[in-house]
Structures are given as C-alpha cells and as structure tokens.
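Topology and contacts: notes
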Amino acid sequence: MVGELRYREFRVPLGPGLHAYPDELIRQRVGHTGHLEYQIRWLLLRRGEDGEGGSSQVDCKAEHILLWMSNDEIYANCHKMLGEDGHIIGPSQESAGENGVLDKSVLREMETDVKSLIQRALRQLEECVGTIPPAPLLHTVHVLSAYASIEPLTGVFRDPRVLDLLMHMLSSPDYQVRWSAGRMIQALASHDAGTRTQILLSLSQQEAIEKHLDFDSRCALLALFAQATLSEHPMSFEGIQLPQVPGRLLFSLVKHYLHVTSLLDQLNDSTAELGGQNRSPEELSRERGRLELEFSMAMGTLISELVHAMRWDWASSREGPLARSSCSIFQPQLADAGLGLPPAQARPALRRSRRFRPRSEFASGNTYALYVRDTLQPGMRVRMLDDYEEISAGDEGEFQQSNSGMPPVQVLWESIGRTYWVHWHMLEILGFEEDMEDIVEADEYQRAVGSGAQGIALLSWRWKPMTELYAAPYVPPEDEDAEESEHLTQPEWWELLFFIKKLDGPDHQEVLQILQENLDGEILDDEILAELAVPIELAQDLLLALPQRLDDSALRDLLNCRVYRKYVPKAVAGQLADPALLEAQAQPPREAADAAQAEAKDPPTQCPGSPLKHLVEGSGPAGKIVLDLAQALSAEGTQESEVKPLLLRLQRQPRPFLMLMQSLDTPAANRALHLAVLRVLMRLVDFPEALLLPWHEAMDACMACLRSPDTDREVLQELIFFLHHLASVSRDYAVVLNQLGARDAISKALEKHLGKLDLAQELRDMVFKCEKHAHLYRKLTTNILGGCIQMVLGQIEDHRRTHRPISIPFFDVFLKYLCQGSSVEVKEDKCWEKVEVSSNPQQASKLTDRNPKTYWESNSSTGSHAITLHMRQGVLIRQLTLMVASKDSSYMPARVVVFGGDSTSSLNTELNSVNVMPSASRVIILENLNRFWPVIQIRIKRCQQGGIDTRIRGLEVLGPKPTFWPVFREQLCRHTRLFYMIRSQAWSQDIAEDRRSLLHLSSRLNGALRQEQNFADYFLPDDEAAQALGKTCWEALVSPLVQNITSPDEDGVSPLGWLLDQYLECREAAHNPQSRAAAFSSRVRRLTHLLVHVEPCQVPPAGMATQPKDRNRSHSWSSLATGGLPSSIVKNLTRCWKAAVEEQVNSFLTSHWRDDDFVPRYCEHFNKLQKSSSELFGPRAAFLLALQNGCAGALLKLPFLRAAHVSEQFARHIDQRIQGSRIGGARGMEMLAQLQRCLETALVFSGLEIATTFEHYYQHYMADRLLSLGSSWLEGAVLEQIGSCFPSRLPQQMLRSLSTSEELQRQFHVYQLQRLDQELLKLEDTEKKIQVGHEASGKEQEREGEEAAWEAGAAGAAGGTGAVEEEEEEEEENEDLYYEGAMPEVSVLVLSARCWPTASICHTLNPRTCLPSYLRGTLNRYSNFYNKSKERGRGQSYPALEPGPQRRLQWTWLGRAELQFGDQTLHVSTVQMWLLLYLNDLEAVSVESLLELSGLSPDTLQQAIGFLTSSRGPLDLHEPKDVPGGVLKIRDDSEEPRPRRGNVWLIPPQTYLKAEGEEGRNLEKRRNLLSCLIVRILKAYGDGGLHIDQLVCLVLEAWQKGPCPPRGLVSSLGRGSTCNSADVLSSILHLVGKGTVRRHEDRPQMLSYAVPVTVMEPHTESLNPGSSGPNPPLTFHTLQIRSRGVPYASCTATQSFSTFR
C-alpha cells in the first residue's frame, strides 16, 4: 500500500541518509501547561524512499514516530499543517470533501440493519452447534464485515453482543467460522488505533477466554494481534536470539500489552473527553491521577511479565547490579589506559627498576636524556614513556645500539616484533633482569605514562577543571527539602505500591493495616493510596514485611527493584528473603545442575533413587521437593492429593523443577540420572497443573541431550517418548521444539539409529506442522517487545515535555536490560559455525581441542597458509587469539594478517596485521570489533627463520552475545534527535522574532540538559548508554540552536552577535552587582559557558597523529592524517565572537586613531576584550584566536595611510617604552609593564599586510636606538615575543649584525696587540744587533773599519728607502701607534645595508679630514684588519657579516662618544664629538666652514649644534651679520655658571616619522606598484595561474629590470624604493583579501587572477634605463669611540675636549 508524502519540504535529518517527515495528526490533548498539544505521526524514510526523484508515493508501512507537539513547534517546523485560523488540519478535514458525509437518516437505517444482522448471526450460530456451519451464517457474517468497514458505524459494533458473537465464532471448531471472525475484526480495526485496541482488548479480557479457546483458536486470535500490532511498531531484532515463549504465556503478554495500550489511549484522550463533560478542575485532576496510577501499575505488570518471558531475571542474578559513574553525559571522557581491553590487560602488572632513576626526578627533559644516554647499555630492558609513531607508551623492549642519527636509539620492541628508533628522553631504564621488580601499582603506572604522552595531551586542553557552577553544563539542582527527603518520592512509593497490590486478600489487608496504623487510622482507598506521602521508616517496615507474603516471581522482582535496594540494608535483605531464592539468584538452574553433575559422575547402582539424591544434594528445601515429587510419582496408584500440593509449590518456586530438567544437559555417563529424570517428567505431564510449569525455560537441555552423539539409545528413546507426550498434551511445546531446531536433531538421531526409534517420526512430523505457528510466535514476540520499547520511548518523551518524574515500576529494570552491552561472553565453538584450513583438513579439529600439545600443520607453499572461521550470526569478536609454541622453531608464525568479508569470495578487508615475537605463546590478532563479519580468515604470511610450513596449536575466540542495545540505541537516538531538533527549531523561531528571548535560552537549555542528566543518572545503567544519550541530545538541541543564533540576518548581524555586542558595551556598568547590567551579563556568561561545555581543545587520537619521515620509514602516506577539526559549534561561536570583536575594534579605530595616546588606549581596549573572552568562553585557544582574528579583520579594513599611522604609533610606543625602561626604579618597572601589554597587542600584526609597514618603522626606530643608546637584553626579549610580526626579519638581522660586530671588535683588539708585540720585538732585535756590533769592533784596522762603515751605510741607505716606502703605505695606519697620550677606546660597528635602514647611513665620514690622527690611525688599522680577515677566509677564522662578494667599508657619521670637559662627562653623537674636538685647536669656528668640511646636511648639523649650545651645552652660538650661520665658541664659565661635575646628555633625541607624510605616501606607492605588477603577471598566465614562489621571483625581477613600473618612479619613492619578498607577499595578501587574486581550492599554493579591477598604474617612462641591474649594495659601518686614562688637554687656558668613549 502506498500513500502520498504531503509535507516533503519539512524534513528533519535523523542520521546518514535518514529523514523524518510530518505525515498526519493522530489525536490532540490538553498539555500540562493548559495548552493544546497534538500527536503527529512522522514518517522515517531513507534517501531514495522519500520520492525525491519526482514520485510522491511512499509505503504506508514505513517506520514512524508518534510525537506530541505544541502549536508553536508545529508552526516552527511544519507550518503548512496549520489552517487559516491557526489550528492544525486533521485528516478528517482533508478528506471530508472527498469522501462526503453520510445522511443521518441513511445512517440510522444502516444502524438498524447492523443490529438485526447481529441478532440473526447469534441465532444461526446457536442453531449449528456441533454441525457444519450453514451458508446463511457465513453470508450474514460477510455482510456484517462489510458494514464494519464503514467508519461512522463503528459505535454500533461496540455493542456487547458483538463481542459475544466474535467469542463464539473464534471458539468454533470450524475453520471458516474462525476465518470470518477474523475478517470482521480486521474490518473493525482498520479505522484507527483506538478502535483496534478496544476490540482486541475486549476479546482478550473476556472471562475464561482461554478455556473456550483451543490451540488453533488461540493461534488465530494471536495472528490477529500480530497483524494489528505489526504496522504500529515495525521493529527488527535481526541477529538477536529471542527466547521461546509458549502460546499460553504469549497470550498473557498480549492481554497485558493491550491493557496498557488501552489505558495509554485513555490517558491521552482523558483531558479532552473529561473536559467536554463540564467537570471541575479538581475532578479532572483526580480522574487523571487515577488513570495515571492504573497505567503505571499495568505497565509495571507488563514489564515484569516481559522480563520473566525474556529470562532477564536469571541473567540479572549472574551479572549483578550495574553502577554508572556520576559524570556529565554531555562531556566526552578521556580514554583510560585500559579502555577496550579485557580486564586482565586493562591494568597490567608492570615492572620497575630497583636502581635506575625515573624521569620525574629530573628538572628537565634534556638532563634526563643525558642521564639515559650515559647509563644505558646494550641488552638492558627499557619502557616507552611517550607515544611515538608506531610505539605506544608502556611498550617494553631491549636496547640494541645508538648512534648520531635522529632518532638516535634503536630498541627491539616486543609490541611490533622488530627494532624501532626513538629518542633518549622517551625511554625509562628497567635494566637487566636482576635490576627489576615485578610489582608496580596501577597508579604508579598511570603517573609514569602521565608524565609522557598523556600529560602532554592534557596540556593542550587549556580549560582548567572547575568544581562549581561551570563544572557541568547545567546549574546544579537546588538542595532537597529536608521534609521531602524524609518521605519516599512518588516513583518510589508507586513502585512499593505495585507489590502491595500484588498481594492476595488477607496479606493485602495486613499491609493496609500497617499503613493505617502509621497514618492515624485514615481510610485508604485507591485515590488516597496514590497520593500518600509515606515516611521512609514506614516504607522500610513495609519492605521488611513483603518478602514473606510474595510468591517466587514477585519476590525476585522485589529484590531487583530500586526502592528495595535503596532502603533495605543488604544484611537485613539477606536474612528476610527466602534462602532458596537467594541461592537460586546466586546459582541459576543450569549452573546448579552442572555443579551437581560433578558429584553424580559415578552414581551408585544399589538404589534407584540415588541419582536424584546426588543431584539435589546440597540444594536444601528445593531438593526435598524434587525427591518428594519423584517418590509420589513412582508409587503405584499415584494419588493426585499427594502430587498437587507439590505442583503448587513448584509453581511458586520453579527452581527445583528447572534444576531437574537441566540435569539432562549433563555428560552421557549419567545414564541412570537421565533415565530417572525422564521417567519423573513423563508421569508429571499427565497432571493438568504441571502444564503451568515453565517447561520452555529448560527445553534447551532436552535439545542438548537429543543432539549429543554420546547419548545412550535407551535415554534417547525415553526422551522421544517424553517429548512426544508433552507435545501431544500441549502443542505449544511442539512450537517451542520447532523454534529450537528439533526437526533436524530428530532426523540426525533417526539416521544414526537406522530409524529404530519409536514415535520419532511422529514427533518430527508434529514439530514440522508447527512451522507457521513458530513463525507467528516469533513475530508476535517481536511485536510485543517492539511495542514495549515504543511505549518506553513515549514515556521518556512525556518526561521531557512535562518535566514530571517517571513513576512506572521496573522502568529502570527494563532500560537496564535494553541498554546492557556486551556483558555476556561466548567462547569458542559457540562463536563460530565451522573452521576450515587451507591444507591438511584432517588436522583442523586440533585447532579447537584445547590441547596445547597437538597442532595443525600446513602443507603448502610459503604465504599460502590460511585458517577460515565461519562466524555465527551477529557475533562480534571481542578477542581472537592464536596459540603457538617457540619450540616449533621455523614452523612458528612470524607475521599474521587477518581479513574479513561477507563470504569466502569477498575477503578483501584487512582487519589487522601482527608480527609474532619468537618467545610468544599467545598471540592476540583481533580485539573489540564493532562490526559483524560472517567470515574471518587468518593468513600466515611468514614463518620464523624463513620456514615454509607452519604449526598452529590452538585457536580461541571470545565474543559477546548479540544484545538489544544497538536496536534500542538507534530508537532512543532517533526519538531524542527528533524531539530536540523540533524543540530547537521552535526556540530558534522565538529568537528570530525577538532577540531578547535569547536571554532565556540559558535557563531553557539548563532545564533540558539537567533533565537528561538526571534521567541518565537514575535510569541508564552504564556510561555507554549515557554518553550516547548526551551526545545525541547535544547534537540535536545545542548544535542547531548555535547554528541559528550565529547566522546573520538581513542586516548582517546574528542574534548571538547582537548579544555579545550588548555584553561588551555594558561591561563597565556590570561591575555593580545590583544593576540590571550585572544580571544581563550573568545570563550571557551562563549561556556562553553552557554552549562551549563539551568543546575542549581536541587532541588528535594517537593513531591519527602525523608521523614525520625519518629513519624509521622511508614513506608513509597512509599514516599521514590531519588533526581533528573543531566541531560546528565551536566554528559558529568563534565566527560570531570574531565578528563582535571586529565591530568593537573597528569602532574604536574609527574614533581614536588620531589620538596622541592611541596605543595605550588601544592596548587597554584589547585587554578588556581579552578579559571578556575569558569571562565568556574561558581560556580556550579557539576563542583567543578568534579575538586576534577579529582585531586583525578591523585592521585590514583601514585605509593604507591610516593603517601605516597605526603601525607607526605602535613602533613609536615600543621605542619610547624601551628607552624609558632604562631609567630603572618604579618608573622603569612601569614602563616595562606598559611595554609588555603593548607587545601582546602588537602580536595581532603577525601575518597581516600591516606587518610590513610596522617592520619598516620599527626597524628605523630600532636603528636609531641601538646607535644612540647601544644594545640591551630587552631588545632580544622584545624580538623574541613579537618576532613573527616582522615578515623580512630585519630587526633580528640587525641584532645578529651587532653580535657579529662585537666579535670582530674582540678579534681586532687581539690584532692590535699582535701588531704592537711585533713592533716591540723588532725594536728589541735592533737594540741587540747594535750592542753586538759595539762589542765586536775592538781593535780592527782603520781601513777595514772604513770599509765596514761604508757597507753599513749603503745597507742603511737601502733599508731607509724601503722603510720610507713602507712608511708611505702604512703612514695613516701607524699615525697613533706611538701616541704618547691616553689612547681612547674605539669600538667599530660593522653594519649591513641589507638589514639596516639606508636612510640612517646616507652621510659618509672622511676620517682623513674630519678626525684627529690618534683616531684616524685606529680606523685605518681596522679597515686593514677587516680586509685581511676577508682574504683569509670568511666564516672560518673570523665571523662573516653576510655572504656575498667582497664588500668595501664606508665610514658614516653615526655613533656616539663620551668626552671629558673639565669635571663633566659629555654624552654626544659622533658629529658633536668631531665638532667639539675641532674646537680644541681653534677659539671659534663658523658653521659655514663646518658644513663645508664635513659634507653634512644643514639639518643634521643644526640638530647637533642645537643641543651643544643649549643651557647644558659647552658652546655658545654667536650670529654676526657678516657670517652666515653664526660662529661657535666655547662658553665662558664666568659669564654663565653651570654645573661642574656629572654626566651631561647632549645626544639629539629620537626623531619620529609621520605616516601621513612623504614616508607613508612612498610606502603606499610601492604597494600600488607591486599590486600592478602582480595583476599584470597573473593576467599574462591566464587561468592556469602561478605558484606563489614563482610569482614572487617574477615580481622582484620585474621590479629591478622590467618595463613597468618605470625606474624613474621607483627612484622617486626614496626610502620606499627597495623591495623584497616580504613586500611582495604582503601585496599578494592584500589582493587575495580584496578578491582580485584567488587561490585554487585543490592547490592553495597556486594563484590566479580572479576578477577585473582597476589598478592605479603610474604613467611614466620605462623602468629599464639600459643598465643590467642595480649597483651592488654597500656594507656600511659606524664607529663607537671610547677612551681610557687622563684626557688630553691643551696648553692654552681655554678648556678643550678629549675623547673619553
């Protein structure tokens, strides 16, 4: 059947490819708020089923969800369902025009006909009792069925006579009559769910219906139930083995289920129906309370019956209570070290060293690495402390060797079976075997690992743990009232009341009497009982009185319920409960039988009853019941009076009976026990009361005995007799046998015994005939379970909507069984169906015989050995282990690969690969699979020592049973997602209509999240279920809300952006805690903290970390992965925060960019934004980055000159603070604090276009600062913090050049000492020669003396000539070599034009004309030293300033000096030093002559003279009319006294540039010219684009040589004429931001021209003037002059200047 999908456009995504569509209105009611609510059916359709291809027809039997919705939710999610009057359009309104309405007169006539037909059918049915039904009866029923299909006549068929008619027809032995009754029921049930439920419920609750119905009639009615409920809750439990439920119990479940659904319908319709009767609110409340209590009791009964039918109550006794850790379900938990491992491996017993130090004892990692390197010896055991590529923290191995490579340490790791290179600091030394201890606590292991990888991971979260308001995503609930805490809550009392209502008459009255005595004798009726406030002490008394009054089944429920576990102490509970029941819970029947069989292996034969005695030995009263029953049945002439009391006891306590039947599932050696039990059971079937026992719960033991190949033939014959007799008496058990596969088992038994088994053929045929009934039972069980799950989900939805507690007994028990995961393990042959091997199949059984001495040995070529497992349906492997032996040598596997597939022909998916260590015995090859693979294949790819064949000594599989959790999780998540996505859409609609409602979002979210948290804490058994619920709730509610509130509207402003703007604007006013601004800010903070609750900085999983290419791997493309991206919530919130910050900063820049104190105010504004970010979102990196991006976005919007002004102001402010910090004291500390704030703010420039201009100004000011004040530690500290703000890294290069100059200066000092030592050595040699000559000239002849004198004179003449030539060459160098005065200390700074600003070194100094000889000689010697050092080899013996060709030195006027002037020390510049020293020889000098002599510009000279002639200076400036510029003279002290001692600072202060002046305009011109070049080049290369590196090279080449821009214009830029790659990249970034240049999506490094824009190009001549390129840059250097000793003084009375430094 198909229907039309009417509201296709309103779809809600529920999962991958799954959507929900609103379909139709089912019913309406008055909600808890007094407003109407509508139950809407939502169809669940997958992609392709929703008619997207053009068809609008969908299957009406598709899955659906019934959801109650308010009018606002319908308006926000599917407004087309609302009519023009605002009310929802029902199906009757839609089809009224099509179907028409019956006339009242016609309707009355038809009602009369129906009544007469009913009367006729009853009369005809009574007349044909015992005979074949006549044709008129069938015709009458056929006409009634036709009338029943007419909806307006439904009320007539509610006549009780119709139910009597249907009952008689269903009880008829004729098939046609029963079939006709079914047709009528189907027609009546086709109108709506309420009518269908009422009809079926009325039939099922007829008195003694089971007595009137035989097996076929009951199956016919059950078939109708199954067909009616199939379309309501289509749910599949494929892969889950449902228990075998007999028809009698199934019919009881159906009755309870129909009763619950009927009450639920009444409860949903009660408000509308009762409200139409004009009843008072008090009466409505009482009636609704009565219905709620009745529904809760009925639902509790249904859950209890279903738990027993599913046999969950026995499972609970084995598993014990499941406790969930109390933590937020909305916050992801950190993975534990043992997560996902079996308990034995979760916390391994690790070893530690006795004498080697751990890493925690060292102050730094480097120190520890040195310790490990010096201590570690080959052969020592080590443990890994950090996760590194393929090695995990905690892995152990043996140290092999180390070398100078990276990583340097080679270790043979056990985890991977081979060597792997790691780093020193990652290892913990365990030592040799004698150095290790075998005991280490788990917490010590966690600390050791935590100091490594896990500790590093935690550092990246950056969200400090808090324990108060924001520790959870919701505000903690208020403290419970002390008065309320003394009483039971309503759910607890109703759960206790459920057991009170289960008591029989006398016991029920006794319990009510206890209640009345403690409640002042008040008369208790059902209405008062429902609303009682029961004190806890009274509840404990009741709980203590109940166990002795309840039967076995109800007592088991009581012991498992929450109220009993909470208020009855365990010790008291153990004393009060029935010891037999407690023993049964501790040891289920099957396990009890297994325990008993160990003592019955060799039973004595002298007494026939001895096998049963041994079976029940130690069972207490339960065993005595079995013996008494066996004795009563074995006696001749068995008396019913003796057997019936025992059967009644077994009905109340069935454990002895189940133990008796389970004994059949024991080894075949217990032949006597089996025969004795079967004889007892055979006689027991003859009693009608025995059929009420739970035979079906132990029928699998009979099947185990039937299937066992070792079963004795006599036992097998007796078993077939018993099963045949049981199936003949009750065909329900034939259906159970069919579900258990008895047909195949009987066939195999007949084949084995050659057909010589009496009644076996008949039993097989009987079982075969029940095939369709078995299918019906399975379908009906599935439908009932699915319907219960849907009702549970509906109650959870009502709980969410009404915020009222769930008061259904055993609700938590039912959820516990639905949510329990893989808690029951299945081993070995229960996991697989068969095992196949690639060769020697006759040895395959040795893989599963559990004998380590046997093995399967392959017989094929290398790498072709395989073991194939065919898994049972639905089994997920938890652990798959191979058993091997090291003694097998070359037969032992070395590498194993595991594949999975749907069949043997599709084994294409590699699941794992394992390297086997030579010493291994158990090799785990698979763990914790999350998907079912029908076929698993184990391939042995390589053997140890290059062996060919392999030996496998065993195979072990550990796997979980399929559970209901995957099915229930899917349904729970679907309902939760649909509910909260609809609610989030409704809330978003409210916010869109009124932004102020966003202030209430925090309280709304708090309420919803707190409710889900409380529900999970109270009902969900484990963390997996709670986390699944929390994750779904967060994704369905919070994520869409964040998406909607962060999406901009038509004005470009999002609701959350507006809220953040309001928060920032009223932040100052919020300091008053009683102001409205404070309350407003508090709501905003609570909202933002809530939204970022589960969004910590995510750490990439260990397996997804990027692994570098090193010596461990040559290539590993498959292992490269990017870290996890932030979720959509964080993306949207950060985008919104960025927009708010950008708006704030943009407004501030527009208003204050011209202010004198712009930078301090901007830093203060930025600091406020940082504090606001921390207040709103915490110290999360994502929001701090968004804050910086917002500031950057505002800066990018500034025009170029305004941005240049901002960058210049920052550079100036930093310069001023660095200079001010030299003052010291409190003022200096304040300057440092201001500098730090400014540096934090300036970090925003990093990566922006503005960074280029900022670097330009900072470089200029830094150069002047270094040359005038010298370097300090603060310069390097500043560059270390904001170094990323300098694209060309010129300031860093300037500091490096200073350090290089200092090194050259130290070597120059050594060079001077060497020269001096050489000259002194020459003098000593000359004096020694002269002395020797005088001693040898004693008594020689005069002629010989004359000849000797002539020769000496000639030689002296020749030497004098050479000396003269050498003196001419080195005259200037040696001018001050023998200077007798105090030599000044001269320091030379060699600066590079590549990094130092060229504007600072434009004036050159001629030492020959401007400096005295004692200074000139030093400079000349330095020049010679520098040139010789270059010739000897740059970069080897002497430090190299920069690579490149030989540079010539050019002296400049830059630098500073200290001069001694009387008692004063004058701090002056180099220009001022020259001017003052020039006055040592002259009394006065004109400014004009100084200009001519120095070659300086008038501005530079006037700046120097201005400070020398100030009040603190030593000079006076006289301006006679005949001398242009004036005359300088030394100031006379007598005329103007001045301080005679101390330091006087006369160096001109820093000169700051103006960005609005020529400097800034030149920078803008350069940016425009570069943009022009970039656009032209990209245009030339078309859509293909250029690589960014190639583009930069082409632009630089065009700038230097190309035809455009013209060289003349480049020259006119002055200081901005230079260009480097950073300038080009800045221009590219500018064009990308403007959209002129675009990046390719697949290759971001490729750039191409995007859109045509108008680029301002200069209209000047070509750039190429004919030269091949620019002149090579010069290397400039400045000097710093120092002096030691007594200052040089003139002989005149006028004070002179001497160079001190």
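Everything below is about the structure printed above this text.
Below is a summary of the structure that appears in this document. (Residues numbered from 1 in each chain as written. Predicted model: local features only at pLDDT ≥ 70, side-chain atom pairs only at ≥ 80, totals over all residues. Heavy atoms only, no water.)

What to know about the overall build of the protein chain
How we decide: Counting from the N terminus, the helices are the DSSP runs of H or I reaching at least four residues and the strands are the DSSP runs of E reaching at least two. The buried label goes to any residue with under 20% of its type's maximum accessible area, the exposed label to any with over 50%, and the partly exposed label to all in between, with areas taken from a 1.4 Å probe on protein chains only. Residue contacts are defined here by distance: any two heavy atoms, one from each residue, within 4.5 Å place the two residues in contact. To be clear on the numbers: accessible area is Shrake-Rupley with a 1.4 Å probe, and residue cover counts the displayed protein chains and nothing else.
Check the secondary structure of the protein chain and you find 60 helices and 37 strands. Considering the protein chain as a whole, with its 1701 residues, one finds that 50% of them fall into the buried category. Long-range pairs, those at least 24 residues apart, make up 75% of the contacts in the protein chain between residues at least 6 apart in sequence. A total of about 81800 Å² of accessible surface is found on the protein chain, and carbon and sulfur atoms cover 50% of it.

What to know about the packing of aromatic side chains
What counts, and what does not: Note on aromatic contacts: the rings of Phe and Tyr and the six-membered ring of Trp form a pair at centre separations within 6.5 Å, being stacked when their planes are under 30 degrees apart, edge-to-face when over 60 apart, and tilted otherwise.
Scanning all chains against the criterion turns up 27 aromatic pairs. Their ring planes at 70° and their centres at 4.9 Å tell us that Tyr1018 and Phe1019 sit as a pair that is edge-to-face. For Tyr1018, a relative accessible area of 30% gives the class partly exposed. With a centroid separation of 6.0 Å and an interplanar angle of 40°, the aromatic rings of Phe1254 and Tyr1258 are classed as tilted. Placement of the pair is Phe1254 and Tyr1258 together in helix H48 (residues 1250–1269), with a separation of four residues, close to one helical turn. Here Phe1254 and Tyr1258 have matching classes, each one buried.

Describing the pairing of strand S35 (residues 1646–1649)
Cut-off, in case you're wondering: In short, DSSP must find at least two bridges between two strands for them to pair.
Of the two faces of S35, the one holding Met1646 and Ser1648 and the one holding Leu1647 and Tyr1649 are both buried throughout. Bridge analysis of strand S33 (residues 1586–1587) against S35 gives two bridges, and the strand direction is antiparallel. Within S35, the residue paired with His1587 across the bridge is Met1646. Two elements, strand S34 (residues 1637–1639) and S35, share three bridges in a ladder whose sense is antiparallel. By the bridge assignment, Val1637 is partnered in S35 with Tyr1649. Hairpin geometry of S34 and S35 is characterised by an intervening segment of six residues between the two adjacent antiparallel strands.

Remarks on the pattern of salt bridges
For clarity, the cut-off: Whenever a carboxyl oxygen of Asp or Glu lies within 4 Å of a side-chain nitrogen of Lys or Arg, that contact is scored as a salt bridge.
Applying the stated rule across the entire model yields 49 salt bridges. Note that Arg373 is salt-bridged to Asp374, the shortest N-O span being 3.5 Å. A salt bridge links Arg996 to Asp994, with the shortest nitrogen-to-oxygen separation between them at 3.2 Å. Given the relative accessible area of 58%, Arg996 is considered exposed. By relative accessible area, which is 31% here, Asp994 ends up partly exposed.

A short note on the environment of Ala1182
Counting through the fold element by element, Ala1182 comes out in helix H45 (residues 1181–1196). When the C-alpha positions of Ala1182 and Leu1133 are compared, they lie 9.5 Å apart, and in sequence the two are 49 residues distant. With sequence-adjacent residues up to four places away left out, Ala1182 is seen in contact with Val1130 and Thr1134.

Looking at the sheet that holds strand S29 (residues 1484–1486)
This is how it is decided: Axes here mean lines fitted to C-alpha atoms, for a helix over just the part in contact, with angles spanning 0 to 180 degrees between N-to-C directions.
With antiparallel pairing, three strands are arranged side by side in an open sheet as S29-S31-S30. The open sheet is flanked by S29 and strand S30 (1515–1518), the only strands paired with a single partner. Ignoring strand direction, the axes of neighbouring strands in this sheet form an average angle of 25°. Sheet topology places S30 next to strand S31 (residues 1527–1530); four bridges connect them, and they run antiparallel. By the bridge assignment, Asp1516 is partnered in S31 with Lys1529.

Thoughts on the environment of Tyr980
Tracing the chain through its elements places Tyr980 in helix H38 (residues 965–993). Along the backbone, Tyr980 and Thr1032 are 52 residues apart, and their C-alpha atoms lie at a distance of 9.1 Å. Beyond its immediate chain neighbours, meaning those up to four positions away, Tyr980 contacts Arg800, Ala1008, Glu1012, Cys1033, Ala1036 and Leu1037.

Here we look at helix H41 (residues 1055–1065)
Most of H41 is tucked away, with eight of its 11 residues classed as buried. Those residues of H41 that are buried are in contact with H38, helix H40 (1023–1045), helix H42 (1076–1091), helix H43 (1128–1152) and helix H44 (1158–1177).

Here's the deal with the sheet that holds strand S20 (residues 909–915)
Taken in spatial order, the five strands of this open sheet run S15-S17-S22-S19-S20, and their pairing is antiparallel. Single-partner strands in this sheet number two, and they are strand S15 (832–837) and S20. Sheet twist, expressed as the mean angle between neighbouring strand axes with direction ignored, is 15°. The pairing of strand S19 (residues 893–901) with strand S22 (residues 935–943) spans eight bridges and is classified as antiparallel. Its bridge partner lying in S22, Pro893 is registered against Cys943.

Focus: the side chain of Gln410
Here is the rule: Here a polar contact is taken to be a pair of N or O atoms separated by no more than 3.5 Å, where protein atoms must pair a possible hydrogen donor with a possible acceptor and residues adjacent in sequence count only if both atoms sit in side chains.
Position of Gln410 among the secondary structure elements: in strand S10 (residues 409–413). A residue is classified by how much of its surface remains accessible, and Gln410, at 12% relative accessible area, is buried. Polar side-chain contacts of Gln410 include one of 2.6 Å to the side chain of Gln401. Of the polar contacts made by the side chain of Gln410, one reaches the side chain of Thr419; its length is 3.3 Å. Excluding anything up to four places from it in sequence, Gln410 contacts Glu398, Phe399, Gln400, Gln401, Thr419, Tyr420 and Trp421.

Describing the side chain of Ser839
Of note, Ser839 is situated in the loop between S15 and strand S16 (856–857). You can call Ser839 buried: its relative accessible area is 9%. A polar atom in the side chain of Ser839 sits 2.8 Å from the backbone nitrogen of Asn859. Apart from residues no more than four positions distant in its own chain, Ser839 is found in contact with Trp856, Ser858, Asn859 and Ser860.

Observations concerning the packing of helix H36 (residues 771–802) against helix H39 (residues 1001–1019)
Spelled out, the test is: Working rule for angles: under 35 degrees goes down as roughly parallel, over 145 as roughly antiparallel, 65 to 115 as roughly perpendicular, anything else as oblique. Take the far helix as the reference: if the near one is turned anticlockwise from it by less than a right angle, the crossing is left-handed, and if turned clockwise, right-handed. Polarity classes work like this: nonpolar for Ala, Val, Leu, Ile, Met, Phe, Trp, Tyr, Cys and Pro, charged for Asp, Glu, Lys and Arg, and polar for all others, with Gly in that last group.
Their axes nearest at 10 Å, the elements H36 and H39 cross at an angle of 140°. Taken together, the axes of H36 and H39 are oblique relative to one another. Our pair here, H36 against H39, has a crossing hand that is right-handed. Where H36 abuts H39, its residues Ile796, His799 and Arg800 lie against Gln1011, Glu1012 and Phe1015. Residues of the contact of H36 with H39, tallied by class, amount to two nonpolar, two polar and two charged.

Description of the nonpolar core
Selection criterion: Only buried Ala, Val, Leu, Ile, Met, Phe, Trp, Tyr and Cys residues count toward a nonpolar core, and they belong to the same one when joined by side-chain atoms within 4.5 Å.
Ranked by size, the top nonpolar core spans 311 residues in total, and within it Trp493, Trp695, Trp1137 and Phe1210 carry the most contacts. Not counting chain neighbours up to four residues away, the residues in contact with Trp1137 comprise Leu1060, Leu1064, Leu1169, Ser1172, Ser1173, Leu1176, Phe1177, Phe1183, Ala1186 and Leu1187. Membership of the second largest hydrophobic core comes to 43 residues, among which are Val1386, Leu1405, Leu1466 and Leu1490.

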